[in-house]
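# Working through the structure, step by step
Given next are the chains, with one letter for each unit.
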Amino acid sequence: MAEVLLSLDNIRKSFGAVEALKGVGFTIKKGEIVTLVGDNGAGKSTLIKIISGVHEATSGSFLLNNIPCSFKSPADAMDAGIETVYQHLALIEELDVADNVYLGRESTRGGFLGKLIGLLDRPSMRRETHKALSELHIKIPAPTLGVKRMSGGQRQAVAIGRAMTWGRQLLILDEPTAALGVEETEQVLRMIERLRDEKGMTFLVISHNMQDVYRIADKIIVLRQGRHIKTLKKSETNPQEIVAYITGALS
Ligand SMILES: Nc1ncnc2c1ncn2[C@@H]1O[C@H](COP(=O)(O)OP(=O)(O)OP(=O)(O)O)[C@@H](O)[C@H]1O
Ligand SMILES: [Mg+2]
């Protein structure tokens with residue numbers, strides 16, 4: 001029996017008069033792929049922004065490895081080992097792959113003095129990036145390739161690779177395949193499954209694509225109008241039933 005990694009209890013979030021989340025609670029076990037589904041405005045992005053430190057919950061709490069979290073910023077969540085890949089990828093077009101992987105965390109050379117001067121240790125960043133991405137079976141021609149010249153699937157792979165490099169606990173992916181073609185979608189889904197199977201990584205994935213959801217999920221969490229209305233095990237459901245819960249045909 002896998003241990004619980006993340007446990008949410010009665011999370012509420014209001015924006016002025018709008019109650020985006022009205023008491024959401026569920027658990028994610030280590031090594032599980034959990035998908036978060038729901039119609040537009042159901043509260044999915046709001047929930048992941050709370051877990052990733054962008055918003056503070058109005059009330060309710062969550063535990064990571066049984067330790068209460070009170071993130072005041074995304075940096076706090078990242079320090080705790082939670083990495084988020086947003087739908088609109090925060091890759092910098094003008095930089096190469098290695099620079100993107102190290103964005104904001106540039107390893108500097110020469111300890112204190114190096115840090116002081118702010119010299120980036122490019123050779124070691126590139127070496128580490130190449131090692132990390134090939135361990136993840138991410139096929140990028142070279143860490144020195146500019147992001148501008150990469151396909152959507154390659155960019156998504158780099159963004160997930162970056163998250164994997166730093167996310168020791170939980171990877172949160174918001175619509176990872178929304179902008180991708182069939183073949184690229186397949187590559188990204190395979191990568192997520194492989195990271196779970198080979199590295200025991202834990203994922204929380206938002207998706208509107210029922211085929212993707214049904215394919216990769218171990219467990220499906222359905223939100224409707226800010227409420228957690230159903231948890232479905234993949235082995236006990238099907239895409240039609242998931243859609244029925246999302247739309248409210250089933251409740
Ligand atoms: N910063 C904000 N200020 C005010 N209201 C917000 C804010 N963020 C979200 N909301 C509201 O909270 C509700 C939930 O929004 P949220 O973005 O979490 O939905 P979602 O499930 O991610 O939808 P989608 O599938 O369209 O991305 C909506 O009514 C939205 O308008
Ligand atoms: Mg959203």
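I will try to describe carefully the structure that is included in this document. All chains use their own residue numbering, which begins from 1 and follows the written sequence. Written order determines the labels here, with chains lettered from A and ligands numbered from 1. A pLDDT threshold of at least 70 governs which residues receive local features in this predicted model, and a stricter bar of 80 or more applies before side-chain atom pairs are shown or counted, although totals over entire chains, interfaces and linings include all residues. Side-chain numbers here rest on the full set of heavy atoms in the structure, without hydrogens or water.

Aromatic ring pairs: the centre-centre distance and the angle between the two ring planes describe each pair. Put simply, two rings from Phe, Tyr or Trp (the six-membered ring, in Trp's case) pair if the centres are within 6.5 Å, and we call them stacked under 30 degrees between planes, edge-to-face over 60, tilted for the rest. Scanning the model with the defined rule gives 1 aromatic pair in all. A centroid spacing of 5.7 Å and a plane angle of 75° characterise the contact between Phe-62 and Phe-71, whose relative ring orientation is edge-to-face. It is Lys-234 that lies over the ring of Tyr-214; its NZ or CZ is 5.3 Å from the centre. Whether a charge lies above a ring is judged from NZ of Lys or CZ of Arg, which has to be within 6 Å of the ring centre and within 35 degrees of the ring normal.

Take the sheet that holds strand E7 (residues 82-85) next. A sheet is described by the order of its strands in space; here 6 strands give the open sequence E7-E8-E9-E4-E10-E11, paired in mixed fashion. Each of the sheet's edge strands pairs with one partner strand only, and the pair in question is E7 and strand E11 (227-233). Taken over all neighbouring pairs, the strand axes of this sheet differ in orientation by 20° on average, direction set aside. Pairing of strand E10 (residues 219-224) with E11 involves 6 bridges; the strand directions are antiparallel. Counted as the bridge partner of Val-222 is Lys-230 from E11. Seen against the sheet, helix H6 (residues 152-166) touches E7 and strand E8 (170-174) and runs at an angle of roughly 170° to E7. Running at roughly 25° to E10, helix H9 (residues 239-247) makes contact with strand E4 (33-37), E10 and E11 of the sheet. Two strands make a pair as long as DSSP finds a minimum of two bridges between them. Segments assigned H or I by DSSP are reported as helices when at least four residues long, segments assigned E as strands when at least two residues long, and all are numbered from the N terminus. Lines fitted to C-alpha atoms define the axes, with helix axes restricted to the stretch in contact, and inter-axis angles between N-to-C directions lie between 0 and 180 degrees. Two residues form a contact once any of their heavy atoms are found within 4.5 Å.

Before going further, it helps to spend a moment on H9. Three or more residues of H9 are buried, namely Pro-239, Ile-242, Ala-244, Tyr-245 and Ile-246. Contacts from the buried residues of H9 go to E4, helix H8 (210-216), E10 and E11. Of the residues flanking the start of H9, the one acting as N-cap is Asn-238, its side-chain oxygen 3.1 Å from the backbone nitrogen of Gln-240. In the segment just after H9, Gly-248 is the residue with positive phi, at about 95°. With a 1.4 Å probe rolled over the protein chains alone, any residue whose accessible area is under 20% of its type maximum counts as buried; one over 50% counts as exposed, and the rest are partly exposed. Polar contacts here mean pairs of N or O atoms no more than 3.5 Å apart (in protein, one a potential hydrogen donor and the other a potential acceptor; neighbouring residues in sequence count only if both atoms are side-chain atoms).

On to the site of ligand 1, then. Here a residue is near a molecule or strand as soon as one of its heavy atoms is found within 4 Å of it. Near ligand 1 you find Phe-15, Val-18, Ala-20, Asp-39, Asn-40, Gly-41, Ala-42, Gly-43, Lys-44, Ser-45, Thr-46 and His-208, and these make up its full shell. The contact in question runs from an oxygen atom of ligand 1 to an N or O atom on the side chain of Thr-46, over 2.6 Å. His-208 places a polar side-chain atom, nitrogen or oxygen, 3.0 Å from an oxygen atom of ligand 1. Burial of ligand 1 by the protein amounts to 58% of the accessible area it has alone, namely 640 Å². Here the shell around ligand 1 takes 3 residues from helix H1 (residues 44-51), the largest share from any one element. Shrake-Rupley sampling with a 1.4 Å probe provides the accessible areas, and residues are treated as covered by the protein chains on show and by no other component.

A few words now on the pattern of salt bridges. Salt-bridge detection follows one rule: a side-chain nitrogen of Lys or Arg within 4 Å of a carboxyl oxygen of Asp or Glu. Within this structure, the stated rule accounts for 9 salt bridges. The partner of Lys-72 in a salt bridge is Glu-56, with the nearest N and O atoms 3.4 Å apart. Highlighted residues: Lys-72 in the loop between strand E6 (67-68) and helix H2 (74-79) and Glu-56 in the loop between H1 and strand E5 (59-64), separated in sequence by 16 residues. For the salt bridge of Arg-196 with Asp-197, the shortest nitrogen-to-oxygen distance reads 2.9 Å.

We now examine the side chain of Lys-13. Tracing the sequence through the fold places Lys-13 in strand E1 (residues 4-15). Summary of buried charges: Lys-13 has no salt-bridge partner, and the nearest side chain of opposite charge, Glu-56, is 7.7 Å away. Only 2.8 Å separates the side chain of Lys-13 from the backbone oxygen of Glu-56, close enough to count as a polar contact. When near neighbours in sequence (up to four residues on either side) are disregarded, Lys-13 contacts Val-18, Glu-19, Ala-20, Leu-21, Thr-46, Ile-50, His-55, Glu-56, Ala-57 and Thr-58. When charges are counted, Lys and Arg are positive and Asp and Glu negative, with His and the chain ends excluded.

Here H6 crosses helix H7 (residues 182-199) at 20°, and the two axes come no closer than 9 Å. It follows that H6 is roughly parallel to H7 by the angle criterion. In this structure, H6 crosses over H7, and the sense of that crossing is right-handed. Of the residues in H7, those touching H6 at Gly-152, Gly-153, Gln-156, Ala-157, Ile-160, Gly-161 and Met-164 are Glu-184, Val-188, Met-191 and Leu-195. Charged residues are taken to be Asp, Glu, Lys and Arg, nonpolar residues to be Ala, Val, Leu, Ile, Met, Phe, Trp, Tyr, Cys and Pro, and polar residues to be all remaining types, Gly included. Of the residues assigned to the contact of H6 with H7, the class counts are 6 nonpolar, 4 polar and 1 charged. Any angle from 65 to 115 degrees is called roughly perpendicular, while one under 35 is roughly parallel, one over 145 is roughly antiparallel, and all others are oblique. Handedness of a crossing follows from how the near helix is turned relative to the far one, being left-handed for an anticlockwise turn of less than a right angle and right-handed for a clockwise one.

Before going further, it helps to spend a moment on unusual backbone geometry. A positive phi angle is found at Asn-65, which is not glycine, with a value near 50°. Relative to the assigned elements, Asn-65 resides in the loop between E5 and E6. Classification of Asn-65 as partly exposed rests on a relative accessible area of 25%. We note that Asn-66 has phi near 70°; this positive angle belongs to a residue other than glycine. The residue Asn-66 is located in the loop between E5 and E6 in this model.

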